[in-house]
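The residues making up each chain are set out below.
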Amino acid sequence: MTTENNIEELCEDIEVIGPGQILSEAREAMGLTQQQVAEKLNFRTTLVKDIEKDQFDHSLPATFNRGYLKNYAKLVEVSADEVLAGYEMLNVAKKQGAEMQSFSKETKKQAENNMVMWISYLILALLIGSTILWWLQDAKKSNDGNNLVSQTAPTSTEVNESISKTPAVNHDKQTPKVQNDLTQNTEITTLSETLKSAATNLLPNEQGNNSVNVSEANIDIDSATTEQEISPAINPVTTPSETMDFGPAEVAIFTFSGDCWVNIYDATGERIAWGIKKSGYKMEITGQAPFEITLGKPELVTIMFENEDVDMSQFSRGNIAKFNLPLE
């Protein structure tokens, strides 16, 4: 146990002497060759070479390797304990080397992880900085836009000044048409007064008749004036319903033997039926003829119009039929 503890506490700067070097030096001192050692120990020559190179088959139990070393040490007259101690030191050295390699790999991996972490932090910082910069620029643009609007928008003082500078509308100015109407009214009034003054110079019996005639003339003139003033303002408007007569409403009956899409308009342009009609459905429509009809599957529809069956054989099966009823 003490030997093993001492071996485990070896420093890294100590040069480890393996059992192969000890046995090789002792063999050479005795003047033996590797072939001779192999023959005396009943070993393979390759096994002797591997032992002197400190190359052991780790697939075998350690007891076999120690047995080979003891037999070889006894042959070349070397202390078996010294050889076994070298063997243990060699194992510890290999174990420490493996641990150092593992530690080195872990250190390298940790360094790579640290580098990746710092790169991630750098990218995150750049993203945060870009976001803040974009926000500041957007806020600056918004402030500039508000300042521009406030500069271009007219103030209440400017609006009042523009209103005060606007020339006032002269409502006394009249259109030429109104002036002509006033001129005609003035002439009519003057003519009426002239007739009245001429009537006062006639005889009393004639005066009454003339006054009556003058009054009638005044009435005629006034009525003519009134008709002249009113007639331009009356502009009779005729509606399509007054000028177009579609005649009495017509009735058509549709019977569906299968699902069929329909779209029907009457002569007034009113849409009176549309959509998908189910099999067995019987539909009666009323409207102004002619009807503009579209059927998705005409072979599934029978139509009765004016108490007569409509010939549907003229329409191709599987094709959309578009026609007017009554058929032209």
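Fair warning: this is a prediction, and the values are worked out from it, not measured in the lab.

J.: Mind laying out the sheet that holds strand E4 (residues 282-287), listing which residues take part and the relevant values?
T.: As summarised here, the arrangement of the four strands in space is E4-E1-E6-E7, forming an open sheet in which the pairing is antiparallel. Either end of the sheet is taken by a strand with one partner, and the two such strands are E4 and strand E7 (308-309). Where strand E1 (residues 250-256) meets strand E6 (residues 301-305), five bridges bridge the pair, whose relative direction is antiparallel. The residue of E6 that forms the bridge with Ala252 is Phe305.

J.: Which residues make up helix H5 (residues 62-75), and what are the values?
T.: Compared with the 20 Å implied by 1.5 Å per residue over 14 residues, the 20 Å span of H5 between its first and last C-alpha is a close match. Among all positions in H5, only Asn65, Leu69, Tyr72 and Ala73 are buried. Buried residues along H5 cover an arc of 100° about the axis, so they all sit on one side. Exposed residues pointing more than 90 degrees away from the buried face of H5 are listed as Thr63 and Lys74. Following H5 by one or two positions, Glu77 adopts a phi angle in the positive range, close to 60°.

J.: Residue-level account of the sheet that holds strand E3 (residues 271-277), with values.
T.: In space, the four strands of this open sheet follow the order E3-E2-E5-E8, with antiparallel pairing throughout. Both edges of this open sheet fall to E3 and strand E8 (321-325), since each of them pairs with a single strand only. Averaged over all pairs of adjacent strands, the angle between strand axes in this sheet comes to 15°, irrespective of strand direction. One ladder, built from six bridges, connects strand E2 (residues 260-265) with E3; its direction is antiparallel. If you follow Trp261 over to E3, its bridge partner there is Ile276.

J.: An account of helix H3 (residues 34-41) is requested, with residue identities and associated values reported.
T.: Among the residues making up H3, those that are buried are Val37, Ala38 and Leu41. One side of H3 holds all its buried residues, which, seen down the axis, span an arc of 100°. The exposed set on the far side of H3, more than 90 degrees from its buried face, consists of Glu39 and Lys40. On the buried face of H3, the contacting elements are helix H2 (19-30), helix H4 (45-52) and H5. Two residues or fewer after H3 comes Asn42, characterised by a positive phi angle close to 60°.

What counts, and where the lines are drawn
- Residues numbered from 1 in each chain as written.
- Predicted model: local features only at pLDDT ≥ 70, side-chain atom pairs only at ≥ 80, totals over all residues.
- Heavy atoms only, no water.
- Pairing = 2+ DSSP bridges.
- Helix = DSSP H or I, 4+ residues; strand = E, 2+ residues; numbered from the N terminus.
- Expected span 1.5 Å × (residues − 1).
- Buried < 20%, exposed > 50% of the residue type's maximum accessible area, 1.4 Å probe, protein only.
- Arc of directions from axis to C-beta.
- Axes fitted to C-alpha atoms, helices over the stretch in contact; angles between N-to-C directions.
- Contact = heavy atoms within 4.5 Å.

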